[in-house]
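# Tertiary structure, described
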Amino acid sequence: MQDNATEVTAAGIARLAGVGRAAVSNWRRRHPDFPKPVGGTETSPSFALTDVENWLREQGKLAEVPLRERVWQQLAGHPAGPGVALLHTGCALLLVHDRPTDWLDLAAASDTHLAERLPAALDDVLTRRFGPEGDRAVSLTGTGLAPSVPLLRGAAELAAELGARQTYEFLLGRHLDANPRQYTLTPAGPAALMAALAGPARTVLDPACGTGALLRAVRDLTPGPGRHLYGQDSAPDLAALTALRLALGTPAADGATVRTAAGDTLRADAFPDVRADAVLAHPPFNERNWGHDELAYDARWEYGFPARTESELAWIQHALARLRDGGTAVLLMPPAAASRRSGRRIRADLLRRGALRAVIALPAGSVPPNNIPLHLWVLRRPGAGTPPAPELLLVETTGGTPAGPGDGRDRLPWEQVQEAVLDAWRTFDRDGTLDERPGIARSVPVIELLDDEVDLAPARRLPPPAAGGGAEELAEVRARLGDTLRLTADRAPDTPPPAPVPARWPQTTVGELARAGALLLRTTTAASGTTGGATSRVPVLTDHDVLAGTAPSGSPLGGDEEPVLVETGDVVVPLAGGGAVVRVVDEATAGAALGRGLTLLRPDRAALDPWFLAGFLRGTANNRQASSYASTATRLDVRRLQLPRLPLADQHRYGERFRALAEFEDALRQAARLGEQLVRGLHDGLTDGTLGPE
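Residues numbered from 1 in each chain as written. Predicted model: local features only at pLDDT ≥ 70, side-chain atom pairs only at ≥ 80, totals over all residues. Heavy atoms only, no water.

The name given to the protein in an unreviewed UniProt entry is SAM-dependent methyltransferase, with Streptomyces antnestii as the source organism.

Scanning the protein for helices and strands turns up 23 helices and 22 strands. In terms of overall size, the protein behaves like a compact globule, its C-alpha atoms giving a radius of gyration of 28 Å where 694 residues would be expected to give roughly 26 Å. Dimensions of the protein along its principal axes, counting C-alpha atoms only, are 90 × 90 × 40 Å. Buried residues in the protein amount to 51% of all 694 residues. Here the analysis covers contacts within the protein between residues at least 6 apart in sequence; of these, 74% occur between residues at least 24 apart. (Helix = DSSP H or I, 4+ residues; strand = E, 2+ residues; numbered from the N terminus. Rg over C-alpha atoms; globule rule 2.2 N^0.38 Å. Buried < 20%, exposed > 50% of the residue type's maximum accessible area, 1.4 Å probe, protein only. Contact = heavy atoms within 4.5 Å.)

Bringing the pattern of salt bridges into the picture now. Where charged atoms from two side chains of opposite charge approach closely, those side chains can pair. Using the criterion set out here, one finds 38 salt bridges in the structure. We note a salt bridge from Arg-70 to Glu-157, for which the minimum N-O separation is 3.5 Å. Taken together, the residues span a long stretch of sequence, with Arg-70 in helix α4 (residues 67-76) and Glu-157 in helix α8 (residues 149-162) at a distance of 87 residues. As a salt-bridge pair, Asp-666 and Arg-669 come within 3.3 Å of each other at their nearest N and O atoms. Residue Asp-666 and its partner Arg-669 are both found in helix α23 (residues 648-688); the two are separated by 3 residues, about one turn of the helix. By relative accessible area, which is 42% here, Asp-666 ends up partly exposed. A cluster of three or more residues bridged by salt bridges with shared partners is formed by Glu-302, Asp-325, Asp-349, Arg-353 and Arg-381. (Salt bridge = Lys/Arg side-chain N within 4 Å of Asp/Glu carboxyl O.)

Another aspect to go through is helix α5 (residues 82-98). An α-helical turn contains 3.6 residues, so a residue and the one three or four places further along point in the same direction. Across its 17 residues, α5 extends 24 Å between first and last C-alpha, which sits within 8% of the 24 Å expected from 1.5 Å per residue. Of all 17 residues in α5, 12 are buried, a share of seventy percent or more. Listed in full, the buried residues belonging to α5 are Ala-85, Leu-86, Leu-87, His-88, Thr-89, Gly-90, Cys-91, Ala-92, Leu-93, Leu-94, Leu-95 and Val-96. Where α5 is buried, its residues meet α4, α6 (100-107), α7 (111-130), α8, α9 (164-178) and α12 (236-248). (Expected span 1.5 Å × (residues − 1).)

If you walk through the whole model with that rule in mind, you get 13 aromatic pairs. Geometrically, the ring pair formed by Trp-290 and Trp-301 is edge-to-face, given 5.9 Å between the ring centres and 85° between the ring planes. Highlighted residues: Trp-290 in the loop between β7 (276-281) and α13 (311-321) and Trp-301 in the loop between β7 and α13, separated in sequence by 11 residues. In this structure Trp-290 comes out as buried when scored by relative accessible area, which is 1%. You can call Trp-301 buried: its relative accessible area is 9%. (Phe/Tyr/Trp six-rings, centres within 6.5 Å; stacked < 30°, edge-to-face > 60°.)

Our focus in this paragraph is the sheet that holds strand β19 (residues 598-603). With antiparallel pairing, the 4 strands of this open sheet are ordered in space as β14-β19-β16-β17. Both edges of this open sheet fall to β14 (519-523) and β17 (583-584), since each of them pairs with a single strand only. In this sheet, β19 lies alongside β14 in antiparallel orientation, the contact comprising 5 bridges. Considered in β19, the bridge of Leu-520 is made with Arg-602. (Pairing = 2+ DSSP bridges.)

A separate point is the environment of Leu-456. Position of Leu-456 among the secondary structure elements: in the loop between α16 (446-449) and α17 (458-461). For the pair Leu-456 and Pro-79, spaced 377 residues apart in sequence, the C-alpha to C-alpha distance is 50 Å. Excluding residues that lie within four positions of it along the chain, Leu-456 makes contacts with Ala-338, Arg-347, Leu-351, Leu-356, Val-359, Leu-392, Leu-394 and Leu-449.

What follows covers the pairing of strand β12 (residues 441-445). Burial of β12 is extensive: 4 of the 5 residues sit out of reach of the surface. Pairing between strand β11 (residues 391-396) and β12: 5 bridges, direction antiparallel. Each bridged residue has a counterpart across the sheet, and for Leu-394 the counterpart in β12 is Arg-442.

Let's shift gears to the sheet that holds strand β1 (residues 7-9). Taken together, the 3 strands give an open sheet; going across it, the order is β1-β3-β2, and neighbouring strands pair in antiparallel fashion. The two strands at the open ends of the sheet, each matched to only one other strand, are β1 and β2 (39-40). As defined by bridge partners, β2 adjoins strand β3 (residues 45-48) across 2 bridges and the pair is classed as antiparallel. Bridge pairing in β3 links Gly-40 to Pro-45. Helix α3 (residues 49-58) contacts β1 and β3 of the sheet and is inclined by roughly 75° relative to β3. (Axes fitted to C-alpha atoms, helices over the stretch in contact; angles between N-to-C directions.)

Below, the structure is given as structure tokens:
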């Protein structure tokens with residue numbers, strides 16, 4: 001076996017063969033010729049990828065490894081780790097992108113000669129894109145290319161199908177999805193909102209760039225030549241990956257500048273002379289060791305020296321210091337930064353001098369950490385002689401209308417969040433004021449905010465409207481609730497008589513049906529979706545929507561793959577949660593994109609009735625036998641779910657019964673939603689004085 005060969009885990013083998021992990025364990029026990037572990041641990045061994053591929057082909061379990069999967073497994077199992085593999089792959093793809101003929105000449109040689117000649121070609125293209133090696137974040141020094149040659153050949157082959165940029169986005173997205181706890185990510189929807197708030201900009205800086213999501217969003221918003229993108233991150237690997245990601249999306253002929261640097265931005269700013277049109281950042285929160293002691297006399301603290309506990313206000317002032325006069329900064333902030341007493345003097349000075357223009361509260365779950373509703377602060381560097389703005393825009397999107405019928409969560413779908421925020425901001429930015437939009441937005445005179453607390457939390461200035469409206473609206477809700485309860489009672493299914501002998505049908509599994517072509521099975525990964533074009537506005541069916549029976553409410557997914565669009569009659573199954581919940585897509589839901597954590601089953605109507613399929617998949621015993629359990633979560637292996645082999649006519653009979661049960665379940669949800677709306681509306685009306693106790 002080749003030294004430093006790419007290794008793959010049992011989970012990776014299962015993905016290659018399209019089976020569950022249990023099948024891989026069975027193969028290891030039953031087949032003495034199954035490849036032996038070459039690494040890993042006793043409980044989580046790893047195997048040589050080449051040996052595994054050969055064994056699967058010999059056993060007839062794998063006709064051909066899908067190219068995407070092979071390249072991903074080579075990257076994930078790289079002997080130097082996925083970080084080095086992504087660096088090597090990004091550099092090679094940049095060569096393919098900028099100089100395809102040079103790559104073809106190099107690739108015609110043997111692996112040994114390719115490994116010898118490639119560094120010089122890569123250094124040349126990197127120098128042209130990012131400058132001399134000492135001035136750029138992307139460097140191959142100290143990393144041997146020989147172990148990466150098979151991966152680079154595979155990545156170039158995949159780029160011939162997808163394009164170099166799409167190939168890198170796919171691999172990077174897979175890596176981020178596989179390691180969610182290692183990175184603080186800014187989802188595509190909030191990144192696009194922040195870019196839109198900043199507006200078109202030619203020179204953009206992200207001083208905490210991470211994986212480059214914000215710079216990428218601005219680049220997509222402001223196409224054309226002459227752009228200058230700067231990023232800095234304390235992690236050298238992220239600074240390098242961001243540079244490659246941005247360069248692969250920018251034609252060399254555009255003359256764009258892409259510069260990233262590794263280092264602590266507050267202590268060692270890599271771009272002190274940059275004056276940007278826009279600064280966007282998702283900085284680290286609640287840092288005590290941000291440089292408080294050594295930076296006491298730094299010139300950036302124009303609005304006051306931040307307290308040790310106010311690292312976020314240090315980032316705010318750094319962003320303002322790197323803007324040109326009139327430039328805009330948009331930063332994600334923890335909600336505590338708007339109201340902590342230790343920051344009130346700086347907040348007051350930001351208001352007095354007109355630097356802070358808006359505070360926008362996002363729904364919890366929009367951006368990690370998902371348990372708190374983060375804020376967006378929109379700032380503008382005051383120009384000389386510019387009078388300070390008399391009002392501040394406050395926007396509250398954590399309330400509003402429920403995400404869908406029967407949802408029970410007070411939040412707006414992301415597209416409505418973005419539309420509400422941008423509409424309020426653009427009106428305020430144009431006119432300097434905004435008429436109050438109850439519970440959503442208002443512009444507040446700065447003089448009202450300059451009290452002892454200088455509390456800028458939107459929720460304190462924007463009380464939500466009464467949940468049920470006035471007395472007439474509540475009377476209408478009560479009437480609808482009565483109608484729904486009567487309808488629910490009418491739809492309550494009769495209990496059929498017990499079968500004289502319990503049925504014992506021959507069984508099959510979803511995996512067997514998929515292999516036989518009786519149904520199509522699709523799963524969306526975190527890297528799938530779209531970020532631009534017409535499909536970016538397609539609503540996303542989320543796992544919560546399936547569990548709650550609501551309309552699609554998700555925001556567009558990140559990545560560059562085409563989304564999986566659901567069709568009428570598709571059966572959608574959540575993978576997490578352990579609940580026996582399945583949804584048959586109706587005409588109202590058809591056309592939505594399949595969200596993360598969901599598996600789509602598209603039955604062949606000549607062989608399978610969708611409602612029959614969905615009904616049997618919901619069986620409690622069926623879910624238990626197909627689920628695996630961790631300490632904090634349950635994971636469903638959809639391929640192991642079972643259903644009986646029945647003639648199509650019998651399937652239709654069961655399908656009609658399951659459809660009736662689904663209609664009854666929908667009526668129960670509607671009654672619960674209306675009842676909750678009535679109770680909450682009466683409470684609010686009685687406590688705010690709009691309703692009397694009579």
